[in-house]
Amino acid sequence: MATKRILIVGGGSSGWMSAAYLDAALNHAGRAVDIAVLESPDVPRIGVGEATIPSIHHVLAVIGIDEHAFMRRTEGTFKQAIKFVNWLHDRGEGYYHAFHRYTPTPIDDAGPRWLMSDRSIPFMETISPQPRLCEWNLAPQMLGPWDFGPKLTYAFHMNALLFADHLCEIATSRGVAHHRDHMTDVVMHENGDIAAVNTRGGQRLEADLFIDCTGFASLLIEQQLGVRWIDYSQWLLCDRAIVMPVPYDVHYPGFVRPYTQATALSAGWVWDIPLHSRRGVGYVHSSAFVSEEEAERELRAYEGAHAERLSTRVVHFKVGMRERAWFRNCIAIGLSGGFLEPLESTGLYLSDLAAVMLAEHFPWHADMDVMSYRYNRILANRFREVLDFINLHYCLTRRIDTPFWREVQQPDRVNDRLQAKLDFWRMRPVSAIDFQDQFLPGQRDPLPASGPPGDLRSPIDTGKLFTRSSYEAILYGMDFMREECRDRFGQHLPPTAVHRRIVTRVALARQKLPPHDVWLKRRVGMPNYARH
Amino acid sequence: MNVKHILIVGGGSAGWMAAAYLDAALNHGERRTVEISVVESPDVPRIGVGEATIPHINHILDVIGIGRHEFLRRVDGTFKQAIKYVNWLERDGGYYYHPFSRFNKVPLDRSSRRWLMSDRSIPYMETVSIQPIVCELGLAPEMLGPRDVGSPLTYAYHMNALKFADYLCELATARGVRHYLDTVTTVEMSGNGDIAAVGTKSGLRLTADLFIDCSGFNALLIEKHLGVPWVDCSQWLLCDRAVTMAVPYERHYPGAVRPYTTATALSGGWVWEIPLQDKRSLGYVHSSAFISREDAEREIRAFEGAHATALDTRFVHFKVGYRQRSWVRNCVAIGLAGNFIEPLESTGLYLSDLAAVMLAEHFPYGGDLDVAAFRFNRILANRFHEILDFINLHYCLGRRDDSAFWREVRRPERVCERLRAKLDYWRVKPPSAADFRDQYFPGQPAAPLPGHAEDGDFRPPIDTGSLFGLHSYEAILYGMQFLAPECDHWYGARRSRPGIYREVLNSLSAAARTLPPHHLWLQQELGMQRYGGKPAPTGR
């Protein structure tokens, strides 16, 4: 059966990104597929400041969205790194996970060199200019044309609601149908596929392929098709967030950070995401370790006195993924497919990966089961890759000041795949080849059966998203192997050296790059605010 | 146990590359952390054929610190930009290219889908890469004179492997690697089953912490003393012998030096043609079950032409397969002792250099050898299987019906199950990048490969497509007219001509203006001698 009609149930950033991406990727040489979005006017839209990772550039490029236009429309700001504060100890220190790092050639021995030094300079600063640039709040772009060597890698912060609106506008102008109507029930084929959905407005919307973008409600994939949710709360304890916008009218710190800050609090961490008109902060925490009231108090204390009268909102979530995101003729994209706390800003990424993979595995004239087999395998692998990497951020902490931080270090809170890596890396430092196939000695196998029937093997994480440089950022940021290195290399280690290329680049960047807020005001229309 | 001393048993290109690479990677800077010695028998005949490489060789040269010009001068080197496959689909003189570079700078590469929807009147590779035409024109991938702009073209080299080994030996010994010209006669084991030392004909006893077996198919340490079995893969690749021949330019100079390797299918296998600075090296890789020595020799002489009648030939026997575990206890097999696969994609030296690179990366300074071996073996086995499947692919899509050999190679039992699963899948959905991240497809057997279960790893290796990815597969698949009937069915019989990326057309015309003929570059930059012979167009 040829696939000609797609119905996306649910708007939001997942729904509209899927619509716009699939339209651009599939209908690029004439209309091959009809795409429609059914969006309920009743469902409240949740818009928080959202951080992205550089994969967003691919999505923008395929859809054909200019970067400046994108930043104007979504209140976008630059993001060059994540700064993790108070994750190792609770004493105000932080480390960076930068997007851009230099790779020494022909052998990248930056990690091993740092391990053999006295650690007087943080690892990331020895190999990337971005931690310094972030501390100085500089933009990763010049005001004029770029003129000093390779460009810096960056992603964006943006208002996700505005992004969805922008995508909706683009997609509908290109022929995607938009039904503002509420789904009432689902009509099934005899063979078990979804045939159509009925709406309150009396429409019957048929399609060959249905995309479930209904969020945690999972109206099609779970409520209709009964595909199970796999819970991963054993590895990641947080299940709730308190969010609070801080308008610059109330408090403008005098600068706009070109990075996301993630500050550990007593039972979780706070994201701090700057936009054009406000900062968005949100305390991701575990309801088992802190009450809503305490969490709110803690978040207000984090923000300071000016936060007293700001309103907050509570969001509940569950960490996990759909056993099969693609089942029969239904694909779950967004929260209905899986959720992980946004510590590495992978929320939108997991949706965009799903759209990209669906385009690549589009069942033009094929058996859907063959396409879904591969699609599910790839998505599940990537999900677990992200899960392990988030897990890593917690388990190396030395904080013992609260039950939450003591709990996350417990052995049963560390995934066995991650544990196998950590054990291996205690013997031999992280290197690129470790990410080509990440099956390591001591790793349990098989993992809980979750793949499609007939696949007896656990998914293999091939490290396509978070590879050596990301792992090094976290491991060495968390002071991994401090004692082991002293045992191995001696108590008196030489001072840490910054790669000379980084020294030059930081010096040049300081002359060439404008402050982030200046760039935003001049280039993408951020308003002026008085410093508080 | 701290590993302080490595003994490499056997010279040759594998032995000396391991020596020079490990010395550069482990002993770089002021600190000498590991002592390296090579014991090389003066009695063992050294086999030196013209050898083609893949771009990974550049990593080896960079780490050892060898400049390109110096390298090319010392090893009679020439450039290699592609492999040209002639007569593989039909025996009609048709050909296709597998080049090293291709254009890929758009957010979503739709080139293969566009080509599949076209009438195929332009070969696929020519729509995405300039190298097929650059090769047909016989151009070098570099300009004359100092290069101040980076070359957009990826390349590797052809070279004399014996001279490369000599050059590496000279470099390594100058840097402190010890060289014993002596024959190993005995191997002494320690109580725990490790190798303790080897004894030599002249009465030396050489001890080490880690032994590298570079003794070729002989596998003196890994097989004769540690008893690690060889896993035979001749079910998938039938060739087991080659007859080689050197054609000096003094006898016959074709008027140009091809900037690529040619692989021409004959009745019971294929011939490599590798140009060096002073000769061309030819070798007919064939299956002894399908063709006699005499017939093979006759066929390669006929292939070369009348001037080949008086040239010497030599026979080389080989077996396709790999060591069940290349690293066992304190012994690592590198080179033919570890694995062999016919050189259809020029992976011979690559498998040795990968082993050296992986050994350096997993070097057990003070750690547990078994942990390093677990990963090393897994990585090497995965990569071997990746190459095996890819070579297998070259054979199984042929339509030749003119000999028993070509009818045999496309029988279902000659196609590896992993490859079969890929091909079946790609008949439903043409190959795309995601297929190479984890290559587990519907219908693939879940049983582990022999040998790996013993290491506690019960899963079959997963090919992560680190060497031959989407672009390589597309070169072969579409060069072999894969999906032709399926596309007729999907897209109808009347289809338009293929499009070519504008960037490809633009860089092609720039290349034609700026790149010199290959032999001219070699003569001017390296001092390659001038030979008579009328200039003839390259290609056939």
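Figured I'd write up the structure that's included with this text. (Residues numbered from 1 in each chain as written. Chains lettered and ligands numbered in written order. Predicted model: local features only at pLDDT ≥ 70, side-chain atom pairs only at ≥ 80, totals over all residues.)

**Looking at the sheet that holds strand β11 (residues 204-206) of chain A**
All names here are of chain A.
Here comes step 1: Within the open sheet, the three strands sit side by side as β9-β10-β11. Their pairing is antiparallel. Of all the strands in the sheet, just β9 (183-188) and β11 have a single pairing partner and so form its edges. Adjacent strand axes in the sheet meet at a mean angle of 25°, parallel and antiparallel pairs treated alike. (Pairing = 2+ DSSP bridges. Helix = DSSP H or I, 4+ residues; strand = E, 2+ residues; numbered from the N terminus. Axes fitted to C-alpha atoms, helices over the stretch in contact; angles between N-to-C directions.)

**What about unusual backbone geometry?**
Residues and elements named next belong to chain A.
Here comes step 1: Between threonine 105 and proline 106 the backbone carries a cis peptide bond, its omega angle lying at -10°.
Here comes step 2: Note that proline 106 resides in the loop between β6 (94-98) and α4 (110-115).
Here comes step 3: Although it is not a glycine, glutamate 75 adopts a positive phi angle of roughly 60°.
Here comes step 4: Inspection of the secondary structure puts glutamate 75 in the loop between α3 (67-74) and β4 (77-79).
Here comes step 5: With 23 C-beta atoms counted inside 10 Å, the residue glutamate 75 sits in the buried group.
Here comes step 6: Of note, asparagine 86 is a non-glycine position whose phi angle comes to about 65°, a positive value.
Here comes step 7: Along the chain, asparagine 86 falls in the loop between β5 (81-85) and β6.
Here comes step 8: Judged by the 20 C-beta atoms lying within 10 Å of it, asparagine 86 is buried. (Buried ≥ 20, exposed ≤ 12 C-beta atoms within 10 Å, placed from the backbone.)

**Notes on the interface of chain B and chain A**
Here comes step 1: Contacts between chain B and chain A engage 36 residues on the former and 37 residues on the latter.
Here comes step 2: For the side of chain B that touches chain A, the elements supplying multiple residues, two or more each, are α2 (57-64), α9 (348-361), α10 (369-396) and α12 (417-428) of chain B.
Here comes step 3: Broken down by element, the side of chain B that touches chain A gets its largest block of residues, seven residues, from α10(B). (Contact = placed C-beta atoms within 7 Å.)

**Description of the nonpolar core**
Here comes step 1: Grouped together as the largest cluster of nonpolar side chains are 156 residues, with contacts concentrated most on B:Ile8, B:Val9, B:Ala18, B:Ala19, B:Tyr21, B:Ile212 and B:Ile334.
Here comes step 2: If we ignore the near neighbours within four places in the chain, the residues touching B:Ile212 are B:Ile6, B:Ile8, B:Val9, B:Ala18, B:Val332 and B:Ile334.
Here comes step 3: Of all hydrophobic cores here, the second largest spans 148 residues; its members include A:Ile221, A:Ala267, A:Phe404 and A:Leu465. (Core = buried A, V, L, I, M, F, W, Y, C linked by C-beta atoms within 7 Å.)

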